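Each chain, written out:
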Amino acid sequence: MNNDKAQELTTKITESINALCAETDAAKQSAIYRAWLSTLSRFHNYSWGNCLLIWTQAPEATRVAGFNTWKSLGRFVKKGQTGIRILAPLIRKVEEEKNGITERISRPFGFKTVAVFDYAQTDGEPLPELNTNATEGGDALLPLLEKAAAQLNITLVYKAIEGSAEGLSKGGLIEIEETLDTPARCGVIAHELGHELIHKNNREGTTRQQRELEAESVAYAVLAHFGMHPQSCFYLATYDVTPEMLTASLQTIGSAAKTIISLIDSTGQQIEEGEGAQNGAPLPVAA
């Protein structure tokens, strides 16, 4: 029965992607996609598939955790609340031989459904506030993005760039147009970090449109997480996005955004528990 429920959720993920790509109103299509990115910004430790499942069931959710995790934090799920159903990997121990030594390794072999609950569905002890939001203009975020680049061994320089480009990713080197103001620098750095993390080795089989969509999506999610309100006007229609392209990009976008956010967000304790399917265990795609 649980396998049937897991299949229902994976089917819902695929249907959501197909429905978005089939949307003929470009503005509505992009508004929905930005809502997905905002959900990712709040739940960056969860897989993209689970972010979509959280959004479809509780688009206003802010923090989610399982029943027992909330209990350990001094909060209790209110009576009568319905859980948000997500997918969690089933893990089994298998024997693998490496360098002549047999070891027991944990490997995912399937998925099950689990319930998580939003903060608004609980009562109890207040949670400590996370002091990670950037200022509206990004004054606090800019040096953190610069530090994140350094931690990733990426050289970041401000210089005059010929032509219309505001930033360039050159494989271990990011150049940023020196005349940009602080908010713009935040957006462009996050965008180019996305390129560095995703496209450093020039993935085969991806178009320029797909690579730009991925980098811009990463930037949007990162800035949204830190309290900025990205004014990105990108439309999915501009990128000629297809269900196959978007499906291939979602895991990539989520992983890159998680890397950048985690580097910056080191002082905040995220309420993410191990029962949710994480980026290390890709969600299956329904046929």
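Residues numbered from 1 in each chain as written. Predicted model: local features only at pLDDT ≥ 70, side-chain atom pairs only at ≥ 80, totals over all residues. Heavy atoms only, no water.

Student: Help me understand the overall build of the protein, please; the structure alone is not making it clear to me.
Tutor: Along its length, the protein carries 8 helices and 8 strands. Looking at the protein residue by residue over its 287 residues, the buried ones come to 45%. Counting only contacts in the protein whose residues sit at least 6 apart along the sequence, the fraction spanning at least 24 positions is 70%. In the structure as shown, the protein presents an accessible area of about 14600 Å², 49% of it carried by carbon and sulfur atoms. (Helix = DSSP H or I, 4+ residues; strand = E, 2+ residues; numbered from the N terminus. Buried < 20%, exposed > 50% of the residue type's maximum accessible area, 1.4 Å probe, protein only. Contact = heavy atoms within 4.5 Å. Areas by Shrake-Rupley, 256 points an atom, 1.4 Å probe, with all protein chains shown as cover.)

Student: Looking at this structure, how should I read the sheet that holds strand β7 (residues 167–169)?
Tutor: Sheet strands pair via backbone hydrogen bonds, and the direction of the pair is either parallel or antiparallel. The 3 strands lie next to each other as β6-β8-β7, forming an open sheet whose pairing is mixed. Edge positions in the sheet fall to β6 (155–159) and β7, since each of these pairs with one other strand and no more. The average angle at which neighbouring strand axes cross in this sheet is 15°, direction not considered. Of the pairings in the sheet, the one linking β7 to strand β8 (residues 173–177) comprises 3 bridges and is antiparallel in character. If you follow L168 over to β8, its bridge partner there is E175. (Pairing = 2+ DSSP bridges. Axes fitted to C-alpha atoms, helices over the stretch in contact; angles between N-to-C directions.)

Student: I tried to follow the sheet that holds strand β3 (residues 84–98) on my own but got confused; where do I start?
Tutor: Pairing in this open sheet of 3 strands is antiparallel, and the strands run β1-β4-β3 from one edge to the other. Either end of the sheet is taken by a strand with one partner, and the two such strands are β1 (64–65) and β3. Here β1 pairs with strand β4 (residues 101–118) via 2 bridges, running antiparallel. From the neighbouring strand, V64 faces β4, where its bridge partner is D118.

Student: What am I meant to see in the environment of T182 here?
Tutor: Looking at where T182 falls in the secondary structure, it is placed in helix α6 (residues 182–199). For T182 and G138, which are 44 residues apart along the polypeptide, the C-alpha to C-alpha distance reads 6.3 Å.

Student: I tried to follow the side chain of R185 on my own but got confused; where do I start?
Tutor: Mapping R185 onto the fold places it in helix α6. Polar side-chain contacts of R185 include one of 2.8 Å to the backbone oxygen of E178. Dropping the residues within four chain positions of it, R185 is found in contact with L142, Y158, I176, E178 and L180. (Polar contact = N/O pair within 3.5 Å; in protein donor to acceptor, adjacent residues only side chain to side chain.)

Student: Is there a simple way to explain the pattern of salt bridges in this structure?
Tutor: Between side chains of opposite charge, a pair can form when the charged atoms approach closely. With the rule as written, the count across this model stands at 3 salt bridges. Here the residues in one salt-bridge network are K159, K170 and E175, joined through shared partners. (Salt bridge = Lys/Arg side-chain N within 4 Å of Asp/Glu carboxyl O.)

Student: Just to check I follow, could you spell out the nonpolar core for this structure?
Tutor: Proteins that are soluble and globular tend to have nonpolar side chains buried together. Within the largest apolar cluster, 64 residues are counted, with the highest numbers of intra-cluster contacts made by Y33, L145, V222 and L246. A total of 9 residues in this core trace back to one element, the largest contributor, which is helix α8 (residues 243–264). Setting aside chain neighbours within four positions, we find L246 in contact with I17, L20, C21, Y33, W36, L213 and V241. If you look at the next biggest cluster of nonpolar residues, it comprises 5 residues, including A65, W70, V77 and F117. (Core = buried A, V, L, I, M, F, W, Y, C linked by side-chain atoms within 4.5 Å.)

Student: Please clarify how the side chain of H225 should be interpreted in this entry.
Tutor: Along the chain, H225 falls in helix α7 (residues 208–225). What makes H225 buried here is its relative accessible area of 12%. Reaching out from H225, the side chain makes a polar contact with the backbone oxygen of S41 at a distance of 2.6 Å.

Student: Whenever I open this one, the packing of aromatic side chains confuses me. Can you help?
Tutor: The way to describe two aromatic rings as a pair is by their centre distance and the angle between their planes. Counting across every chain of the model gives 5 aromatic pairs. Aromatic side chains W36 and W55 sit 6.1 Å apart centroid to centroid with 70° between the ring planes, which places their arrangement in the edge-to-face category. Of this pair, W36 sits in helix α2 (residues 26–42) while W55 sits in helix α3 (residues 48–57); the two residues are 19 residues apart in sequence, bridging distant segments of the chain. W36 gets classed as buried once you look at its relative accessible area, which sits at 2%. W55 sits in the partly exposed class, given a relative accessible area of 22%. Positioned above the aromatic ring of Y158 is the side chain of R185, whose terminal nitrogen or guanidinium carbon lies 4.0 Å from the ring centre. (Phe/Tyr/Trp six-rings, centres within 6.5 Å; stacked < 30°, edge-to-face > 60°. Lys NZ or Arg CZ within 6 Å of the ring centre and 35° of its normal.)

Student: Quick question: what am I supposed to make of helix α5 (residues 141–151) here?
Tutor: For an α-helix, 3.6 residues make a turn, and residues three or four places apart therefore share a direction. The set of residues buried in α5 consists of L141, L142, L145, A148 and A149. The arc that holds the buried residues of α5, viewed along the axis, is 120°, so those residues lie on one side. Buried-residue contacts for α5 involve β6, α6, α7 and α8. The positive-phi residue at the C-terminal boundary of α5 is N153, with phi of around 60°. (Arc of directions from axis to C-beta.)

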